[in-house]
Every structure is written in C-alpha cells, then in structure tokens.
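Examining the three-dimensional arrangement
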Amino acid sequence: MQKPASYRPSMSRRWWLQHQHFVLYMLREATVVPLVFFAGCMIAGLWALNSGAEAWVSWQAFMANPLVILINLLTLAASLFHAATFFPLMPRVMPIRIGAKTLPVNAIVGGMWAVVAIIAIALVAYFIWRA
Amino acid sequence: MSQTKSIRVQRYLPEQEPEPFWQNYEVPFDESTSILDALNYIKDELDNTLSYRWSCRMAICGSCGVMVNGIPKLGCKTFLREYGTRVDISALAHFPVERDLVVDMDIFMEHLEAVKPYIIDKSKGRPTGESDTYRQTPAQMARYHQFSNCINCGLCYAACPQFGLNNQFLGPAAITLAQRYNLDNRDKGKRERMAALSEHDGVWSCTFVGFCSTVCPKHVDPAAAVNQGKIEAAKYTLINLLNG
Amino acid sequence: MMKHHIAKDEPLWWALFSAGGICFAMLVPAAILVFGLLMPMGIIPASAFDYESLRGLGLGWPGLIFAGGVIALPAFHALHRIRHSCADLMLGKESVNKVWAYGLASLMSLMAVGVVLVNLF
Ligand code: SF4
Ligand code: FES
C-alpha cells in the first residue's frame, strides 16, 4: 500500500531547552564536566606525591588557588546533584522484592544517603585525627 | 457551559498546504471538558475537516495521544481546566504526521513486533486443552504486573529525545513489553527477545532521560524497564561472547 | 528472520559507567570535601597532609582504592556521559566520539592507577 504524504518535524539541536525536564536532564549530564576537572586534580596530586616534597607543596598551593576552590565547590554541588538524581533510580531498576512486596523506595534512597554521609564523616575524621 | 477557551490546533492538510499551520477555535468548557471533548466539539460544531483519532474515551484504547503545549497527553485523560490561556494541540512528536493530529505509527508497531510481545513456550509441560492452564502465584505476577499495564499509546515515544534523534531505537514501550514477558514465569522466550534488545538501537540507545515515565498515563515506568533491560542485555552479550 | 548485530562493547562501557556513577555519588563527595575544600582552606591543619606520611598512604594500597574509586571509574562515568551528550547535541560522529571519549578515560585511569602500581611493586 502506498503511504500517504506525511511530514516529519526534525529535531533542533536546542530540543532540550523546550521543557524543564530536559533542562534538568542536561544539567545532570553536565555534572561530569567539573568531575573531569576534579579527577585531573587528583591525578596531579598522585603524581606530585610520586615526584617529591616540593611537587607536593606546589600541588597543595594549586589546590588552594581561590578559583580552584570555587570550581571544587561546584564539583561538590555537582556530585550531590548527581547523587540526588541517581539514588531514586536504583530501586526502580533493581527492585528488592520480598515475596510479592517491594522494599519502599524511600528506605533505599535514605540508606544510600547514609552511606554518603558515613564515608564523608569517616574520611574527614581520619584526617583530623592525623593532624 | 458559559465559559469558553481559545484553543490552537496544528493543522496539516497536505493537499492544500505543504506546511503545517495553526488554527484557532473558541470552545465552550466546564470542569469536565477533556481535550478530546474539545476536539469533538470542534469537529461537530465548528470545522468538520479536522482529523484526529479516538475510540474508548476512558484511557484504555491508547489512540487519542496528542501534544498539549508540547507535552504528550491522552486527549481523553487531560482536561481543559488544567490549562491557562494557552492550549496548543499538535500531533504526537517524533512520528510522521499524515494529517492534522493523525500520525503514522508503523515504526512503533515494527518495534513492538521486533521484541515478540507474547508468551513463547515450546516446552513439553505447557498447558494443552481447555481444562489445563498455567499456574502463577501472586509473587510471580508482581514481578511483571506494572509493565503489563501498557496500552500502546506511544506517548513515551513522543517524550523520548533518543527516539526523536534516531527512530531506529526500539524505544520505551517495546523494551518494556520485552521485559514484561521476560519476567513472566510462563514465558520461555527470553533468548529470542534478547538479540534485538542487545543491539546498539536496543537498550543501549537509552540515556535514562526518564521523561517517558513522567508522561506515561498508565504509570508503567518504561524507563525502569529499559534499564532493567540493560542488565539483561549485558548478561546476554557476555554469555554470547563466552560461547563464541 | 532479521539479523541482529549485538553491540559487543556497550555492556563494558555501561558497566564502567554504572560503577563510576556509584563512586561519583558515594566516594567523590568525601574526596572533594577533604582535598578540594577542607585541606586547601586550612580547616584541617596542614600537618594532616604532611608529605612523608601521605606518600606511603597515597602511593600504597589506600591510594590504589583512591585511584580506582575516585579517579578511574568516575572518569569512565564522565566520558560515557560526554559521549552521549555529543549525540544528544548532534555533535561529531558517534564512531569517532567513542574513540576519544573512552580513550581519554583509559588514559586518565592509566595515569592514576599506574603511578600507584609503580610504587606498590
Ligand atoms: S509505556 Fe506508557 S506511555 Fe508508553 S505506550 Fe505504554 S502506556 Fe503509553
Ligand atoms: S480515547 Fe481511548 S485512550 Fe483516549
């Protein structure tokens, strides 16, 4: 059968600006940009440890640059935003079932935030103890 | 019905005008007037050239999908009272438009067919005859039940930018249906479905935008099903590689 | 019968992306807090980050976990998203984007894990 004439609207490169849901999606995807920067900083830190005390001190000075601190503040916000978008997806993709019942989403999400807090507190506490 | 609302409908009449155009209609409404009621009013009272699809008027046939202010909606489940002064109705996004609000859904049907959305069971123990039936416990049914509520309305395809960018992507409803049968203990056809799901245009084209689940009128959560499908496709691909 | 072309590499990228996503959400905030904010702002005293003692830690077993969980896996997470964002924004060719994206993630992983391994063994 011959198909009738039809028209198919093409998508513009700016499709994601058309709805708030898509803007938030793009924001979530963008959280990885500061992450790449932070990972780069951490690679530099490991390499500085490898090179010697002088390199370590200048790496610390680099990390203390106000602009770097500002970007890392942004990175922290990005990682928390990523976590906030990611945690609620976990119980949807991997539902934990006990019989015919599914474990409540809030319990799992809450549990994952607890893990974030525990790891952060433990690491901070460890370095304070070292000082 | 003293109040009226002005509604813009995107028209496409290829024999008159090569490009789609907007047309205004003034429609009376009250608390219970749905978008579909408004379209019916236009067709019956104002302009009988308007084309659109509908059947059940109760959110079960899945044929009345349209974009309302750019968001995919079932016409019969969406009410004029929910909107302010702007009510723009256009054809479902990402599908070729044949006429006014009527889209060509062939590609959607092809994707549904590709995942074999029916129980496949060639085993010896399958039920035969009239008095013989499958047994399924409530716990076994709970595994897939949510995914079986799909009415094939295609709203999730209109919501999915990945399908908009590449219409070869199997898309939310088809992958959800595959997952629905894969999770059904009566089904033995998972292997037959996994090859289609494990292609680049299968589960891997999904980036978990998640808007499909937001617009789904039946709370199917196709985004969850697609991402469950990624775990299954990963397993299937690995087993395939190990078997050479 | 339709012939299916199974995407053999996608499960690997997706597994690395997912593991990296968990690390990004659970480990990276703690690392930023300590090395990106509290150390440079002097809130945790500098003596906690003294070179001699930190070298053994950073280039030892704890450093290996750090290199994997805070650098390598998050790098794969990040570059996987960047690859898909390029497709979303209709930038470049998918086959080319894949090469530089996962290439860069591999390079970053190698630089992080490699420097620790060289010191470990
Ligand atoms: S998953 Fe939901 S939105 Fe998609 S076709 Fe089925 S009912 Fe419609
Ligand atoms: S008319 Fe059947 S779903 Fe709307």
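Residues numbered from 1 in each chain as written. Chains lettered and ligands numbered in written order. Predicted model: local features only at pLDDT ≥ 70, side-chain atom pairs only at ≥ 80, totals over all residues. Heavy atoms only, no water.

- As recorded in an unreviewed UniProt entry, chain B goes by the name Fumarate reductase iron-sulfur subunit, listed as coming from Terasakiispira papahanaumokuakeensis.
- UniProt lists a comment for chain B under the heading Sequence similarities (unreviewed entry), and it reads "Belongs to the succinate dehydrogenase/fumarate reductase iron-sulfur protein family."
- UniProt lists a comment for chain B under the heading Pathway (unreviewed entry), and it reads "Carbohydrate metabolism; tricarboxylic acid cycle; fumarate from succinate (bacterial route): step 1/1." (UniProt positions renumbered as here; feature names shortened; annotations may be inferred.)

A look at the packing of aromatic side chains
- This model, assessed by the stated rule, comprises 21 aromatic pairs over all chains.
- Between A:Phe86 and A:Phe87, the ring centres sit 6.1 Å apart and the planes meet at 55°, which makes this aromatic pair tilted. A:Phe87 matches A:Phe86 in its accessibility class, with the two residues each being buried.
- Ring centres of A:Phe87 and A:Trp113 lie 5.1 Å apart, and the angle between their planes is 85°; on these two criteria the pair is classed as edge-to-face. In this pair, A:Phe87 sits in the loop between helix H4 (66-86) and helix H5 (90-93) while A:Trp113 sits in helix H6 (residues 105-130), placing the two residues 26 residues apart along the sequence.
- Its relative accessible area of 1% is what places A:Phe87 among the buried residues.
- Each residue in the set A:Tyr126, A:Phe127, A:Trp129, C:Phe35, C:Phe49 and C:Phe66 is aromatic and connected to the rest through ring pairs, giving one cluster. (Phe/Tyr/Trp six-rings, centres within 6.5 Å; stacked < 30°, edge-to-face > 60°. Buried < 20%, exposed > 50% of the residue type's maximum accessible area, 1.4 Å probe, protein only. Helix = DSSP H or I, 4+ residues; strand = E, 2+ residues; numbered from the N terminus.)

A few points about the packing of helix H2 (residues 32-51) of chain A against helix H4 (residues 61-88) of chain C
- Close contact between H2(A) and H4(C) brings their axes to 9 Å; oriented N to C, the two are set at 145°. Here the hand of the crossing between H2(A) and H4(C) comes out left-handed. Contact residues: A:Val32, A:Leu35, A:Val36, A:Phe38, A:Ala39, A:Met42, A:Ile43 and A:Leu46 in H2(A); C:Phe66, C:Ala67, C:Val70, C:Ile71, C:Pro74, C:His77, C:Ala78, C:Leu79, C:Arg81 and C:Ile82 in H4(C).
- Of the residues that constitute the contact of H2(A) with H4(C), the class distribution is 16 nonpolar, one polar and one charged. (Axes fitted to C-alpha atoms, helices over the stretch in contact; angles between N-to-C directions. Left-handed = near helix turned anticlockwise from the far one by under 90°. Contact = heavy atoms within 4.5 Å. Nonpolar A, V, L, I, M, F, W, Y, C, P; charged D, E, K, R; others polar.)

Some points on the side chain of B:Asp184
Residue and element names in this part refer to chain B.
- Within the secondary structure, Asp184 sits in the loop between helix H6 (172-182) and helix H7 (190-197).
- Polar contacts involving the side chain of Asp184 include one to the side chain of Arg180, which spans 3.1 Å.
- Side chain to side chain, Asp184 and Arg186 meet in a polar contact 2.7 Å long. (Polar contact = N/O pair within 3.5 Å; in protein donor to acceptor, adjacent residues only side chain to side chain.)

Considering the interface of chain A and chain C
- Counting from both sides, the interface comprises 55 residues of chain A and, opposite them, 54 residues of chain C.
- Of the roughly 4,800 Å² buried between chain A and chain C on both sides combined, carbon and sulfur atoms contribute 78%.
- On the chain A side of the interface with chain C, the three residues burying the most area are A:Leu46, A:Leu49 and A:Phe127, jointly 13% of the side's total.
- Applying the counting rule to chain A against chain C returns one salt bridge.
- A salt bridge links A:Glu29 to C:Arg81, with the shortest nitrogen-to-oxygen separation between them at 3.3 Å.
- Across the chain A-chain C interface, the total number found is 15 residue pairs in polar contact (both at pLDDT 80 or more).
- Contributions of two or more residues to the side of chain A that touches chain C are made by helix H1 (20-30), H2, helix H3 (53-63), H4 and H6 of chain A.
- It is H2(A) that contributes the most residues to the side of chain A that touches chain C, 14 residues altogether.
- Here the residues of the side of chain A that touches chain C sort into 40 nonpolar, eleven polar and four charged. (Buried area = accessible area lost by both parts, 1.4 Å probe. Salt bridge = Lys/Arg side-chain N within 4 Å of Asp/Glu carboxyl O.)

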